Amino acid sequence: MTIKLENWRKEELGINDVIKKYPDVSRFVILKTDVQRRGYALSDKARELFDPDIHQSKGRTVFINRENINPSGLILRDGTLIVGSYTEEANFGIRDPYLVDVVNGKLVLTDQGEVLEEVEYWRKPHFFDKLTSKGNPMWQIVGSRPQRFDIALNKHCHFWDKPGGGCKYCTIGSLAKENKDKNISNLLDIDEVFEAVQEGLKQKGRFTTFCLTMGSILTGEELFDHEIQLYVDLFSKLKKLFKENKIHAQIVGSAYSKKQLEVLRDKTGVISYTTDLEVLNPKLFEWICPGKAEFVGYNEWKKRLYDAVEVFGKGNVNTGIVGGVDLAQPYGYKTEAESLKANFAEAEELAKHGVSVINSVWHVSPGTYFHNQIPPSLEYYVQLSKGLNDIREAYGIDVYFDDYRRCGNHPSSDLARI
Ligand code: SF4
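Residues numbered from 1 in each chain as written. Predicted model: local features only at pLDDT ≥ 70, side-chain atom pairs only at ≥ 80, totals over all residues. Heavy atoms only, no water.

Engineer: Talk me through the environment of Glu222; I want residue IDs and the actual numbers.
Structural biologist: Relative to the helices and strands, Glu222 resides in the loop between β12 (209-213) and α7 (225-238). Residue classification places Glu222 among the partly exposed residues on the basis of a relative accessible area of 23%. Linking Glu222 and Val325, residues 103 residues apart in sequence, is a C-alpha distance of 30 Å. Each residue touching Glu222, except ones within four places of it in the same chain, is listed here: Ser257, Lys259 and Gln260. (Helix = DSSP H or I, 4+ residues; strand = E, 2+ residues; numbered from the N terminus. Buried < 20%, exposed > 50% of the residue type's maximum accessible area, 1.4 Å probe, protein only. Contact = heavy atoms within 4.5 Å.)

Engineer: Can you lay out the packing of aromatic side chains for me, pointing to particular residues and giving the numbers?
Structural biologist: The final tally for this structure, using the stated rule, is 20 aromatic pairs. The interplanar angle of 15° and the centroid separation of 3.9 Å between the aromatic rings of Phe149 and Phe207 together place this pair among those described as stacked. Of this pair, Phe149 sits in strand β11 (residues 148-152) while Phe207 sits in the loop between α6 (190-200) and β12; the two residues are 58 residues apart in sequence, bridging distant segments of the chain. Overall, Phe149 belongs to the buried group, its relative accessible area being 1%. Accessibility expressed as a relative area gives 14% for Phe207, which makes it buried. (Phe/Tyr/Trp six-rings, centres within 6.5 Å; stacked < 30°, edge-to-face > 60°.)

Engineer: Before we move on, could you go through the nonpolar core and cite the residues and values that matter?
Structural biologist: Formed by 88 residues in total, the largest nonpolar core has its most connected members in Ile151, Leu153 and Tyr169. If sequence neighbours within four positions are ignored, Tyr169 has contacts with Glu278, Ile288, Cys289, Val322, Val325, Trp362, His363, Thr368 and Phe370. Residues Leu31, Phe50, Val102 and Leu415 belong to the second largest nonpolar core, which totals 29 residues. (Core = buried A, V, L, I, M, F, W, Y, C linked by side-chain atoms within 4.5 Å.)

Below, the structure written as structure tokens:
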């Protein structure tokens with residue numbers, strides 16, 4: 001059971017106050033951040049405009065099973081994305097959600113009756129309802145954002161094999177039973193992935209990139225060898241679809257050794273790599289990500305990020321954090337100011353080595369260890385996103401492979417625009 005905050009509007013700055021206080025931060029990104037933080041619901045009229053034959057309501061991801069009648073996401077006028085965040089996904093009404101409504105014939109985001117911005121539903125890719133040669137709907141094989149293919153080869157994370165080993169905010173362990181009941185396979189058939197991508201590419205202009213991620217696989221001669229091998233096997237097939245040797249794709253993987261990173265670069269052709277530290281504090285990393293801490297460790301994870309810059313080049317490597325998860329209690333920071341200060345110090349250290357940091361908005365989800373925590377204020381997220389983007393810019397690190405046009409989930413890299 002998640003907590004419901006009754007008086008949060010009196011205790012925090014609201015959306016309009018934050019937009020006014022931070023005029024140098026895009027109001028679209030501030031709004032997106034708050035919708036991802038508070039979630040949104042649909043009015044009856046907005047529901048009537050949502051057509052699952054036209055709009056995207058499903059898709060395979062690692063952390064959530066999207067196969068219902070709710071929107072997979074929203075898009076704002078400037079191209080800023082709101083990923084997921086229907087109330088069942090985003091903090092489950094800890095703070096009351098926004099309402100997507102229809103006013104004067106337009107689909108709009110509203111808060112307490114005030115119209116804040118026009119919005120659209122994501123369009124469903126043309127390949128989604130086609131079938132693979134094995135008869136499976138392609139949306140069950142390859143997922144999608146408005147501009148990229150999302151491929152989750154493996155939906156099981158081996159950190160969960162040991163009780164208490166999974167990351168404390170993560171839903172992947174709690175989905176295991178649901179996946180089994182609904183016959184959702186953990187491991188994808190690479191031939192079916194190939195078929196879905198081949199079909200997707202027929203929609204000219206839709207896809208510009210790939211994002212590949214999966215639960216960590218700890219097996220192999222060296223830790224993560226089998227995880228790397230899955231990517232090598234996949235790209236040895238996918239390469240047949242492209243003329244170039246380099247493929248505009250991002251792998252969000254475990255923290256690979258330098259030797260493994262070289263294999264990844266040379267045998268897949270992908271051009272960018274992300275491995276998430278999740279929380280920028282070694283002690284809190286141990287508490288919040290015990291599996292990662294046990295098998296790799298905080299300092300080794302950082303070292304592997306620095307090695308990755310040598311392998312993939314500056315501007316092609318970053319690390320993600322779950323924004324605000326370091327405020328989880330009882331061991332997290334006691335104030336937002338303390339968290340921000342510590343995050344910026346560590347982000348600067350990473351930036352000195354060519355690694356940028358991107359933040360997501362923490363979704364407190366039922367079934368996770370942190371199900372009864374409370375994510376921080378909107379102002380915290382705006383300060384965090386702006387600060388991380390400022391550090392990235394100060395150190396001249398590009399983030400083109402993870403910006404609003406490729407990913408759209410991270411407020412900090414949404415700010416990376418001309
Ligand atoms: S590494 Fe952590 S966040 Fe990633 S899938 Fe495993 S438990 Fe979840």
